[in-house]
Amino acid sequence: MIYETAEAWRQAKTRQVLLFGMSGLGKTHVSNMLRAEGGWFHYSVDYRIGTRYMGEFIADNFKREAMKVPLLRELLRTDSVFIASNITFDNLAPLSTYLGKPGARDKGGLPFDEYMNRQAQHREAEISALLDTPRFIDRAAQLYGYADFVCDSGGSICEVVDPENPEDPVLSALSSHLLLVWIEGSDAHTAELVRRFDRAPKPMYYQPEFLHAAWADYLAQTGLTEDSVDPDAFVRWTYARALAHRQPRYAAMARNWGVRVTAEEVAALRSPEDFVELIARAIDSAPARR
């Protein structure tokens, strides 16, 4: 770890952390607080993915749909209108919409092969956005004068790294510049996330092996064909399994590469100073590295 002791963290002239864990447990909330009240630079991996690495895919998808409308088709062909996504730190809907869900076309679904193609695009984009983090640390300091830096990673970070590999290229690059902090949810948090997802299912990125297995199991259990699957039903069915799949991967990231805090502790934070003390305690309680 780049901060070997709690005191080294407290006394550091620059503090650089990466927050990871399930979506909905406070990563972006804490990052926003640190930016607004503590003067930290906030680097959002999902925002970087949606703007730098998948922005063209997203815009082209919008244009593809607009070309189906005669009036818009003519305007687009003559460069008379401009179509782009409006992604923000708090609104990543264009990225989620592009990722899509597999299933029946008449219910908004994608053919499974196209769905997997977009998943592969996201994987490549996420790795690139994560590896951009050290450059943004330098940029934040040299261009804007920020001393402290928080990387708000996506919930799928654990899907694009191998936390048990001591030479994993992404984790090696990140841990040499930042302290990796897992926000760990309880069983109650998991249940609430499942209920929340059930009310408003959204596309997510998963490892291809996990998705192929889930898709095959779902078709076998339901007896449905690819083009008769309800896309929302499939992603609801998949979500709880995905959380169970991710939990041990997050735990391995914290055990081998960083520290852990609980979602309850994060929810109790009221200031950047509280955050600094929380991380100090986490460093003190972290087990010795093997």
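See the structure shown above.
Everything quoted here is computed from the prediction, not taken from an experiment. (Residues numbered from 1 in each chain as written. Predicted model: local features only at pLDDT ≥ 70, side-chain atom pairs only at ≥ 80, totals over all residues. Heavy atoms only, no water.)

### With respect to the pattern of salt bridges
A pair can form between side chains of opposite charge whenever their charged atoms are brought close.
Piece 1. Within the structure shown, the criterion is met by 14 salt bridges.
Piece 2. Note that Arg-199 is salt-bridged to Glu-192, the shortest N-O span being 3.8 Å.
Piece 3. What makes Glu-192 partly exposed here is its relative accessible area of 27%.
Piece 4. Connected through salt bridges with shared partners, the residues Glu-7, Arg-10 and Glu-277 form a single ionic network. (Salt bridge = Lys/Arg side-chain N within 4 Å of Asp/Glu carboxyl O. Buried < 20%, exposed > 50% of the residue type's maximum accessible area, 1.4 Å probe, protein only.)

### Some details on the nonpolar core
Piece 1. The biggest cluster of nonpolar side chains holds 83 residues, and the ones touching the most others in it are Trp-9, Val-17, Leu-18, Phe-20, Phe-149 and Phe-275.
Piece 2. Considering each element in turn, this core owes the most residues, eleven residues, to helix H12 (residues 231-257).
Piece 3. Aside from chain neighbours lying at most four places away, what touches Phe-149 is Arg-15, Gln-16, Val-17, Trp-40, Phe-41, Tyr-43, Thr-133, Phe-136, Ile-137, Ala-140 and Leu-178. (Core = buried A, V, L, I, M, F, W, Y, C linked by side-chain atoms within 4.5 Å. Helix = DSSP H or I, 4+ residues; strand = E, 2+ residues; numbered from the N terminus. Contact = heavy atoms within 4.5 Å.)

### Re the sheet that holds strand S1 (residues 16-20)
Piece 1. With parallel pairing, the five strands of this open sheet are ordered in space as S2-S3-S1-S4-S5. Whereas interior strands pair on both sides, the edge strands pair on one side only; in this sheet they are strand S2 (41-44) and strand S5 (258-262). Strand after strand, the sheet turns through a mean of 25° between neighbouring axes, direction not considered.
Piece 2. Bridge count for S1 against strand S3 (residues 149-152) is four bridges, and the pairing is parallel. Residue pairing for S3: Leu-18 is matched across the bridge by Cys-151.
Piece 3. This element, helix H2 (residues 27-38), spans S1, S2, S3 and strand S4 (179-184) of the sheet and lies at about 155° to S3. (Pairing = 2+ DSSP bridges. Axes fitted to C-alpha atoms, helices over the stretch in contact; angles between N-to-C directions.)

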